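# Fold and contact review
Spelled out, the chains give:
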Amino acid sequence: MTPRRLAVKALIHQEQAGYANLVLDAELKKCTPPLDSRDAAFAARIFYTTLERLPLLDYRINQFTKKPVAKLDAPVRAVLRAGLAQALYMNVPLPAAVNESVKLTRALGKSSAAGMVNAVLRRAAVSEADFADPLDRLSIYYCLSRPVAELFYAQFGEEAFPLATAFYEKPKTTIRVNTLRTNDTALTALLQQEGHTVAGGAGRGVCRFARRERGIQKRAFPCAGACQPVCRALR
């Protein structure tokens, strides 16, 4: 089981019925052998990014499919959404996102749709989404529900757009160093070896860092006991 395939399976099941967190957790538990921590984090990132950006993903895909996204076969629909989410929001190079999506389409028994997936993803990833109606922009581009978009725009007007942009800014993680086991310098070096950007926090024994897309190695955080989170992004 690859992380991409697991994410797509979870998207299919979540669409049928179920709370997102419970569906993903169930899919992870069914994996044999289980995914390692980095692959599980990558699968979760694909899953939640796709759900967060669903209105805009569907809008882009609909521009290049012969029938609406809602009428596509469920596996094809999930692969298109997940592949586009990776290319647009997860720093996955477009060729990699397309190639992996095509392979996954075939693996799910939908080989006849592989060419369509290839073409649609390549076009949708570079298309422009322009909305003259501010409510359409808030509800589709920023993926707010229509009632929330209407309330937001009524209260904030043009300021609603930078506020909506801020919803998707990824906050840094702040951790406190366990000085019984390590120190600021050693923990910083360990996190940097794994590719994280680390900066000193407000006071001794506090670090702020930006996590990589595929998550943190277990040995560094938090399982090794070298640190504990002070505050952490929910996504």
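Below or above, wherever it landed, is the structure these notes cover. (Residues numbered from 1 in each chain as written. Predicted model: local features only at pLDDT ≥ 70, side-chain atom pairs only at ≥ 80, totals over all residues. Heavy atoms only, no water.)

Turning our attention to the nonpolar core. Where a protein is soluble and globular, its nonpolar side chains tend to be buried together. Ranked by internal contacts, the top residues of the largest apolar core, which has 41 residues, are Val8, Leu80, Leu84 and Val117. Those elements that provide at least two residues to this core are helix H1 (3–16), helix H2 (20–30), helix H3 (37–52), helix H4 (54–62), helix H5 (74–89), helix H6 (94–107) and helix H7 (114–124). In contact with leucine 84, not counting residues within four places along its chain, are Leu57, Arg60, Ile61, Leu121, Ala124 and Ala125. Among the nonpolar cores identified, the runner-up in size contains eight residues, and Tyr142, Phe152, Phe161 and Ala164 belong to it. (Core = buried A, V, L, I, M, F, W, Y, C linked by side-chain atoms within 4.5 Å. Buried < 20%, exposed > 50% of the residue type's maximum accessible area, 1.4 Å probe, protein only. Helix = DSSP H or I, 4+ residues; strand = E, 2+ residues; numbered from the N terminus. Contact = heavy atoms within 4.5 Å.)

Bringing helix H11 (residues 184–193) into the picture now. Along H11, the positions that sit buried rather than exposed are Leu187, Thr188 and Leu191. Down the axis, H11 shows its buried residues gathered within 100° of arc, on one side only. Along H11, exposed side chains directed more than 90 degrees from the buried face belong to Thr185 and Gln193. At the N-terminal end of H11, a side-chain oxygen is found 3.1 Å from the backbone nitrogen of threonine 185, two or three residues along, and the residue is asparagine 183. A positive backbone phi angle near 95° is found at glycine 195, which sits one or two residues after H11. (Arc of directions from axis to C-beta. Polar contact = N/O pair within 3.5 Å; in protein donor to acceptor, adjacent residues only side chain to side chain.)

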